[in-house]
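This is what each chain is made of:
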Number of protein chains: 2
Amino acid sequence: MLRVILVEPEGEYNVGFIARLCRNFEVEELYIVNPRCDLNKALEFSAKGQDVLKSAVVVSSLYEAMRDLDLKISTSSIADSKGDMLRKSMSPWEVSQLVGDRKVGLVFGRESVGLTRDEILMTDIMLHIPANKEYPVLNLSHAVGIVLYEIWKTRGATPRKSVVSRETTDLIEKYVKTLYEAIRRGDGDEAMYIAVKRSLLRGIKDEEEGRAVVRFLRKIYMRMIHGNE
Amino acid sequence: MLRVILVEPEGEYNVGFIARLCRNFEVEELYIVNPRCDLNKALEFSAKGQDVLKSAVVVSSLYEAMRDLDLKISTSSIADSKGDMLRKSMSPWEVSQLVGDRKVGLVFGRESVGLTRDEILMTDIMLHIPANKEYPVLNLSHAVGIVLYEIWKTRGATPRKSVVSRETTDLIEKYVKTLYEAIRRGDGDEAMYIAVKRSLLRGIKDEEEGRAVVRFLRKIYMRMIHGNE
């Protein structure tokens, strides 16, 4: 279970965008601690995340927003300066591995000044999005988007299997080979055959695309056999 | 070299946020095709990305924004529906592997209607950010943020060598197109062309393999023209 917690957000557009992002990346709960902006205006920016925003839980302290969580993760654009143990950070992809089926809260601070040290201290882990060293400060909702995307990848992402059938693979091999045999001059030419076959088999995404490639190769072959009629 | 290309953006805040994101993730160039909003107002949202926005190149056609690029990548929230060869997509983490040291353009469409099919057809690859199947439509600048973050991770981490040269990519496109034109019967046949071109561009591993594919295609073409002598 994932909960996004915004601490004293100041901008309507950010709150609206974050509600939309919660919908895009299937976040279960949105909590807002002491909003400093008009949540009704924020609705304008939430598109199909309106319901998320309407059912957001507004509380008056960060403690209240976090007390039933298994894992509390704060976020900051200031991280990993020497000697500062509090701000030693994890990256979004490292954090995404920790979520599992726990009740996890992601805490994002104010647009202007982020989270205080005391607030960070209340959490278990601090997350930092690596970016340009000269300017790593992301806008609030864009930081939320990147973190949610990265966690969603790990949580929901069904790994994409290669789904080209054996039959289609065989046909591609057959036609590439037949074409190759029609044009080969010597043994050195075999490199061409291997290159084309492998590139196609590596590059084809699914059965549908594979069949379109087969049609192409078959037509080329027929045309070659029957000449330029 | 990375270029972000916005096609007819409609919202000042999105353009401003994108300029900021370009700075956050060290994008070299921002191009804007026919802006539908006030770029001066956009400055308000760009924070320390102001210089990026001030030096953005405004052009009047997508062609103009892309003509000197090695690899053109379109983006869409509509992807991978059955039968639609044009919208077979790659994920941000797959695309991030293709960048290397090539001149790459990332093309993002209008907030309201995205990119047209013709615009997508002008590009080499289509990228889609996987998200909630019921609502995968991200706000424009948040989509940009996620893609730039993912590419930055790969660029910053392990600088990959350029896989295939511009010249070789162009030759592959040229020969696949010429062969396609020799065998096409109707508009429905275009799917074959798209499938073969994309599978090859995706699958080819390096320059050497790319050149072998070019030799193969050239020989097939010569043989087809001169018939079965």
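Provided above is the structure to which this section pertains.
What you see is a predicted model, and the numbers here were worked out from it, not measured in a lab.

The rules we used
- Residues numbered from 1 in each chain as written.
- Chains lettered and ligands numbered in written order.
- Predicted model: local features only at pLDDT ≥ 70, side-chain atom pairs only at ≥ 80, totals over all residues.
- Heavy atoms only, no water.
- Helix = DSSP H or I, 4+ residues; strand = E, 2+ residues; numbered from the N terminus.
- Rg over C-alpha atoms; globule rule 2.2 N^0.38 Å.
- Buried < 20%, exposed > 50% of the residue type's maximum accessible area, 1.4 Å probe, protein only.
- Pairing = 2+ DSSP bridges.
- Right-handed = clockwise from strand over helix to strand, strands pointing away.
- Axes fitted to C-alpha atoms, helices over the stretch in contact; angles between N-to-C directions.
- Contact = heavy atoms within 4.5 Å.
- 1 Å grid on protein atoms, 1.4 Å probe; cavity = no way out; pocket = protein on both sides within 12 Å on 5 of 7 lines; lining within 4 Å.
- Points joined across faces, edges and corners; volume = space filled by probe spheres on them.
- Nonpolar A, V, L, I, M, F, W, Y, C, P; charged D, E, K, R; others polar.
- Phe/Tyr/Trp six-rings, centres within 6.5 Å; stacked < 30°, edge-to-face > 60°.
- Core = buried A, V, L, I, M, F, W, Y, C linked by side-chain atoms within 4.5 Å.

Caption draft 1: Expanded view of the overall build of chain A. Tallying secondary structure elements over chain A gives 10 helices and 6 strands in all. Rg of the C-alpha trace for chain A: 26 Å, well past the compact-globule value of 17 Å for 229 residues, more than 25% over. Considered along the principal axes of its C-alpha atoms, chain A spans approximately 80 × 45 × 35 Å. Taking all 229 residues of chain A together, 52% fall into the buried category.

Caption draft 2: Seen up close, the pairing of strand S2 (residues 29-33) of chain B. Residues and elements named next belong to chain B. The element S2 is largely enclosed, with a buried count of 4 among its 5 residues. In this structure, strand S1 (residues 2-7) lies alongside S2, joined through 5 bridges in parallel fashion. When the bridges of S2 are listed, valine 4 appears paired with leucine 30. Note on the crossover from S1 through helix H1 (residues 12-24) to S2: the handedness is right-handed. Pairing between S2 and strand S3 (residues 57-59): 3 bridges, direction parallel. Residue pairing in the sheet places valine 33 in a bridge with valine 59 of S3.

Caption draft 3: Representation of the sheet that holds strand S5 (residues 104-108) of chain A in the model. All names here are of chain A. Strand order in the open sheet formed by 6 strands is S3-S2-S1-S5-S4-S6, and the pairing between neighbours is parallel. Of all the strands in the sheet, the pair left with one neighbour each is strand S3 (57-59) and strand S6 (125-127). The mean inter-strand angle of the sheet, taken between neighbouring strand axes irrespective of direction, is 25°. Relative to S5, helix H7 (residues 140-155) is tilted by about 160°, and along the sheet it contacts strand S1 (2-7), S5 and S6.

Caption draft 4: How the structure looks around empty space enclosed by the protein. As enumerated under the stated definition, the model contains 1 cavity of 30 Å³ or more in all. Space inside the largest cavity adds up to approximately 90 Å³. In terms of lining, the largest cavity is formed by Leu179(A), Val196(A), Leu200(A), Phe216(A), Leu217(A), Ile220(A), Leu179(B), Val196(B), Leu200(B), Phe216(B), Leu217(B) and Ile220(B). If you list the elements that add at least two residues to the lining of the largest cavity, you get helix H9 (190-203) and helix H10 (207-226) of chain A together with helix H9 (190-203) and helix H10 (207-226) of chain B. Classifying every residue of the lining of the largest cavity by side-chain character gives 12 nonpolar, no polar and no charged.

Caption draft 5: Focus on the packing of aromatic side chains. Within this structure, the stated rule accounts for 17 aromatic pairs over all chains. Relative to Tyr221(A), the ring of Tyr175(A) has its centre 6.1 Å away and its plane inclined at 55°; by these criteria the two rings are tilted. Here Tyr175(A) is found in helix H8 (residues 166-183), whereas its partner Tyr221(A) is found in helix H10, with 46 residues between them in sequence. With relative accessibility at 9%, the residue Tyr175(A) sits in the buried group. The exposure class assigned to Tyr221(A) is partly exposed, which follows from its relative accessible area of 26%. Through pairs of rings, three or more aromatic residues link up here, namely Tyr13(A), Phe17(A), Phe45(A), Tyr13(B), Phe17(B) and Phe45(B).

Caption draft 6: Inspection of the nonpolar core at higher detail. Ranked by size, the top nonpolar core spans 80 residues in total, and within it Phe25(A), Leu30(A), Leu148(A), Phe25(B), Leu30(B) and Leu148(B) carry the most contacts. Leave out the neighbours within four places in its chain, and Phe25(B) touches Ile129(A), Pro130(A), Ala131(A), Leu138(A), Ile146(A), Gly145(B), Leu148(B), Tyr149(B) and Trp152(B). Core analysis: the next-biggest nonpolar cluster, separate from the first, contains 58 residues, Tyr175(A), Val213(A), Leu62(B) and Val214(B) among them.

Caption draft 7: Seen up close, the environment of Ile194(B). Residues and elements named next belong to chain B. Checked against the element boundaries, isoleucine 194 lands in helix H9. Among the residues examined, isoleucine 194 registers a relative accessible area of 8% and is labelled buried. Separated by 14 residues in the primary sequence, isoleucine 194 and tyrosine 180 have C-alpha atoms spaced 9.7 Å apart. Leaving out residues up to four positions away in the same chain, isoleucine 194 has contacts with Met85, Leu86 and Leu121.

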